[in-house]
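# Structural description and commentary
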Amino acid sequence: MTVVQSALPPGADPWVHTRLLARVRAAALAGGTPPAAPRPVIGASWRRLRGSGLDPSRTPDVAPLDGAELERRRAESGLAPLLPLLRERLLPVARDAGQVLVVGDAGCRVLWREGGAEVRRRADRLGFVEGSSWDEDVVGTNAIGTSVVVRAALQVHAAEHYAEGHQPWTCAAAPLRDPVTGRVLGVVDLSGPASTVHPSTIALVDAVALLAGQELLRAHTRHVERLRTLAAPILARLTGPALVVGVDGCTAAATGLAAPDRVALPEEVHPGAAWVPALGRCTVEPLPGGWLLRPQGPGDDDRPAGLVLDLTGARPQVQVTGASGSWTAGLSLRHAEILLALTRHPAGRSAAALAADLFGDPTRTVTVRAEVSRLRRTLGSVLLTQPYRVDEDVAVEVRLPTPVARLLPASTAPLVEALRRG
């Protein structure tokens, strides 16, 4: 469980701490010895940004989205149904504290911004408007962008911001996650002048983000039940194995096979023939809110030939190719770490060795075995056991970010930390 950490140490005077942060930032970014160490999450963000060459003395001028593009992003984000809950729980707090409530998408674009007139005018002068970008790579360390990078709730106060022009502000943000896939859908944030900082804000924002996840889970459960009702008469008429899954791959119903709880679908699914590593060749038919998958049985062209582990973007991805086509899917952080470890050790890793790679503790083999089992349900015959390894007949390519210091920034795995250091 991640500990939600306030930017203010317990009992600290906000004004005194704000002045200390200014001295810490000035010394750290100048390459000197700061009077106190920045928080680890902040220091790691500063190092990533210094490595990328972002100038902390300049606030990048990134044009906000135009009206049509903003509306498109709002519609595609899937976050609109959460707005009533977010407004109910956070907007009164934002108004009382002199802050703005912000909801952004997974790309850290501000989709909605609400609050009092005075703080909105101050946010306008900062460029903190609907459609603006708060991606860490673009504007430096900030709660919205950096919380998405580290996949955790985060408060960033005053001089913890990388960009000099953002120091007069304080912000607390938490990712909004898909409760089924774990994918980050967006981010919710409370921001305002630095004088409005409060140590409890981050806990409140994180709690409301968790409530939003529960709301999404209830909606998902209702959707699966509707799909199950739709699937029953369809499957009753079929011969041979078949399963009905939602658009997220969750199984609603199946016949003729032991179906997994969730099938890792390709990033783009189309009617017709498809290849899914966990099932092999399938015929795919569209259903309202999901897909009917009919496995065709093993074939000579089912054997995977290549694997690409792409760690260059904000979301780890894996692509598997074979004679019958290619398949691409997103990976969780833990599965990306496991696959990275196995590609670094082609001869294979025992459960204890993988536990050391991931946790620095070779005794955590139960966790490792469970995670590898889940990953094998995604990748099928690509992964072999005893020891855990990628099939030696599969050509492997690993794509790392530049600079490598940006590798899986939310990871604390010893293997990843060693690779970041080169």
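What you see is a predicted model, and the numbers here were worked out from it, not measured in a lab.

On inspection of all chains with the given rule, the structure shows 21 salt bridges. One salt bridge connects Glu 69 with Arg 73, and the closest N-O pair in it is separated by 3.3 Å. Here Glu 69 and its partner Arg 73 are both found in helix H3 (residues 67-77), four residues apart, which amounts to about one turn of the helix. By relative accessible area, Arg 73 is classed as partly exposed at 23%. In this structure, Glu 397 and Arg 399 form a salt bridge, with 2.9 Å as the shortest nitrogen-oxygen distance. For Glu 397, a relative accessible area of 37% gives the class partly exposed. The partly exposed category is assigned to Arg 399, whose relative accessible area is 37%. Each of the salt bridges in this network shares a partner with another, and the network as a whole consists of Glu 69, Arg 72, Arg 73, Glu 76 and Asp 105.

Glancing now at the domain arrangement of the protein chain. The domain architecture assigned to the protein chain consists of domain 1 (14-218), domain 2 (238-295) and domain 3 (304-421). Using only C-alpha atoms to locate each centre, domain 1 and domain 3 end up separated by 30 Å. The contact between domain 1 and domain 3 buries some 730 Å² in all, and 56% of this surface belongs to carbon and sulfur atoms. Counting across the domain 1 and domain 3 interface gives two salt bridges. In this structure, the connection of domain 1 to domain 3 is made through one residue pair in polar contact (both at pLDDT 80 or more). Elements supplying a minimum of two residues to the side of domain 1 that touches domain 3: helix H2 (40-52), helix H6 (136-139) and helix H7 (143-150). By residue number, the principal contributor to the side of domain 1 that touches domain 3 is H2, which donates three residues.

Attention now goes to the sheet that holds strand E5 (residues 184-193). The five strands lie next to each other as E2-E1-E5-E4-E3, forming an open sheet whose pairing is antiparallel. Across the chains shown, the open sheet's two edge strands, defined by having one partner strand only, are strand E2 (110-115) and strand E3 (154-157). Neighbour to neighbour, the strand axes of the sheet diverge by 15 degrees on average, direction disregarded. Direction of pairing for strand E1 (residues 100-105) relative to E2: antiparallel, over a ladder of five bridges. By the bridge assignment for E2, Leu 101 is matched with Glu 114. Relative to E1, helix H4 (residues 83-97) is tilted by about 145 degrees, and along the sheet it contacts E1, E2, strand E4 (169-177) and E5. Across the sheet, helix H5 (residues 117-126) is in contact with E1, E2, E4 and E5; its angle to E2 comes to roughly 145 degrees.

What counts as what
- Residues numbered from 1 in each chain as written.
- Predicted model: local features only at pLDDT ≥ 70, side-chain atom pairs only at ≥ 80, totals over all residues.
- Heavy atoms only, no water.
- Salt bridge = Lys/Arg side-chain N within 4 Å of Asp/Glu carboxyl O.
- Helix = DSSP H or I, 4+ residues; strand = E, 2+ residues; numbered from the N terminus.
- Buried < 20%, exposed > 50% of the residue type's maximum accessible area, 1.4 Å probe, protein only.
- Domains from an automatic or database assignment.
- Buried area = accessible area lost by both parts, 1.4 Å probe.
- Polar contact = N/O pair within 3.5 Å; in protein donor to acceptor, adjacent residues only side chain to side chain.
- Pairing = 2+ DSSP bridges.
- Axes fitted to C-alpha atoms, helices over the stretch in contact; angles between N-to-C directions.
- Contact = heavy atoms within 4.5 Å.

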